[in-house]
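Coordinate analysis (summary)
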Amino acid sequence: MNIPRLTLIGAGPGDIELITVKGIRAIKSADVVLYDALANEELLEFAHPKALRIYVGKRLGKYVYTQEEINQKIVSLALEYGHVVRLKGGDPYVFGRGFEEVEYARNFNIECEVVSGVTSAIAAPASIGIPVTTRGFSESFWVITGTTKSGELSKDIALATKSSATVVILMGMSKLSQICELFQLNGKGETPIAIIQNGTRENVNFAIGTVSTIIPIVKEQQISNPAVIVIGEVVSLHPSFIEKFSDHLVIK
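Quick summary incoming for the structure in this document. Being a predicted model, the structure only gives us computed values, none of them experimental.

Let's shift gears to the overall build of the chain. The helix and strand tally for the chain stands at eight helices and 12 strands. Overall, the C-alpha framework of the chain stretches about 65 × 35 × 30 Å when taken along its three principal axes. Looking at the chain residue by residue over its 252 residues, the buried ones come to 48%. Put simply, 66% of the contacts in the chain that link residues at least 6 apart link residues at least 24 apart. On the chain, roughly 12800 Å² of surface is accessible, and the fraction owed to carbon and sulfur atoms is 52%.

Take a look at the structure:
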């Protein structure tokens, strides 16, 4: 019998080539692959033909399994089959609830390993030519969840509006109007902003503007979840911003 073990893998932001070599090696050795909606399904082709492939993701707010059920499934499948690979979009420790799954499995003495992945917080803006930091524009960046466990807007966003750092918000599209309102209340209405959907994928779609102008642009571009929100002067480096808002450029 195979030794029960769990490998938690970050599948990256969507581009199949952005997964690590170590991640692919683990998929190839898996007896079971549990994969999320944001993990590129092409990665399943690396799994052994006899490996079980089970979708456990969420689409449009609808869960196939609750988090507790996923935790239980990891344990039961590891005990029955051996090596379970949990394939999650981006990095599993960046708002991915990965630690909860590892902690649960360890309670059953299941060996666990985490293979970090490329997070969309950095890769999505980079895929359209926006750095999260660069000399003269931003000295640091925040990565914040837009929606908390209770479904409310994160209080950290209000703190971030007072900073000169680049602010990257994940899972925040449903709160975009509130986010923009907070920035405007803090005198940041002219701050450059980018909304990037399906970053790194062939069907990438994005909107560039300022905090005060972005809402109608997003509607015109028909951008929805999943998307990454980037707010800060680094967005002004994008060619379309330079073309439309050259008078907003700020170099420190």
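So, on to the pattern of salt bridges. Enumeration over the complete set of coordinates arrives at six salt bridges. The salt bridge involving Asp-36 is made with Arg-86; its shortest N-O contact spans 2.9 Å. In this pair, Asp-36 is assigned in the loop between β2 (32-35) and β3 (52-55) and Arg-86 in strand β6 (residues 83-88), connecting sequence segments 50 residues apart. For the residue pair Asp-36 and Arg-86, the accessibility class agrees, reading buried in each case. Residue Arg-86 pairs with Glu-101 through a salt bridge whose shortest N-O separation is 3.1 Å. Here Arg-86, found in strand β6, pairs with Glu-101, found in helix α3 (residues 98-106); they are 15 residues apart in sequence, far enough to count as distant. Of the two residues, Arg-86 and Glu-101, both sit in the buried class. If you follow the salt bridges from partner to partner, you end up with Asp-36, Arg-86, Lys-88 and Glu-101 in one network.

Let's shift gears to the side chain of Thr-145. Tracing the chain through its elements places Thr-145 in strand β8 (residues 141-145). Here Thr-147 takes part through its backbone oxygen, which lies 2.9 Å from a polar atom of the side chain of Thr-145. Each residue touching Thr-145, except ones within four places of it in the same chain, is listed here: Phe-95, Ser-154, Ile-157, Ile-169, Leu-170 and Met-171.

Bringing helix α6 (residues 176-185) into the picture now. Of the positions making up α6, those classed as buried are Leu-176, Ile-179, Cys-180 and Phe-183. With its buried residues spanning 95° around the axis, α6 presents them on a single face. Check the buried side of α6 and you find it contacts α5 (156-160), β9 (166-170), β10 (192-197), α7 (214-221) and β12 (227-231). In the segment just after α6, Gly-187 is the residue with positive phi, at about 75°.

About the cut-offs
Residues numbered from 1 in each chain as written. Predicted model: local features only at pLDDT ≥ 70, side-chain atom pairs only at ≥ 80, totals over all residues. Heavy atoms only, no water. Helix = DSSP H or I, 4+ residues; strand = E, 2+ residues; numbered from the N terminus. Buried < 20%, exposed > 50% of the residue type's maximum accessible area, 1.4 Å probe, protein only. Contact = heavy atoms within 4.5 Å. Areas by Shrake-Rupley, 256 points an atom, 1.4 Å probe, with all protein chains shown as cover. Salt bridge = Lys/Arg side-chain N within 4 Å of Asp/Glu carboxyl O. Polar contact = N/O pair within 3.5 Å; in protein donor to acceptor, adjacent residues only side chain to side chain. Arc of directions from axis to C-beta.

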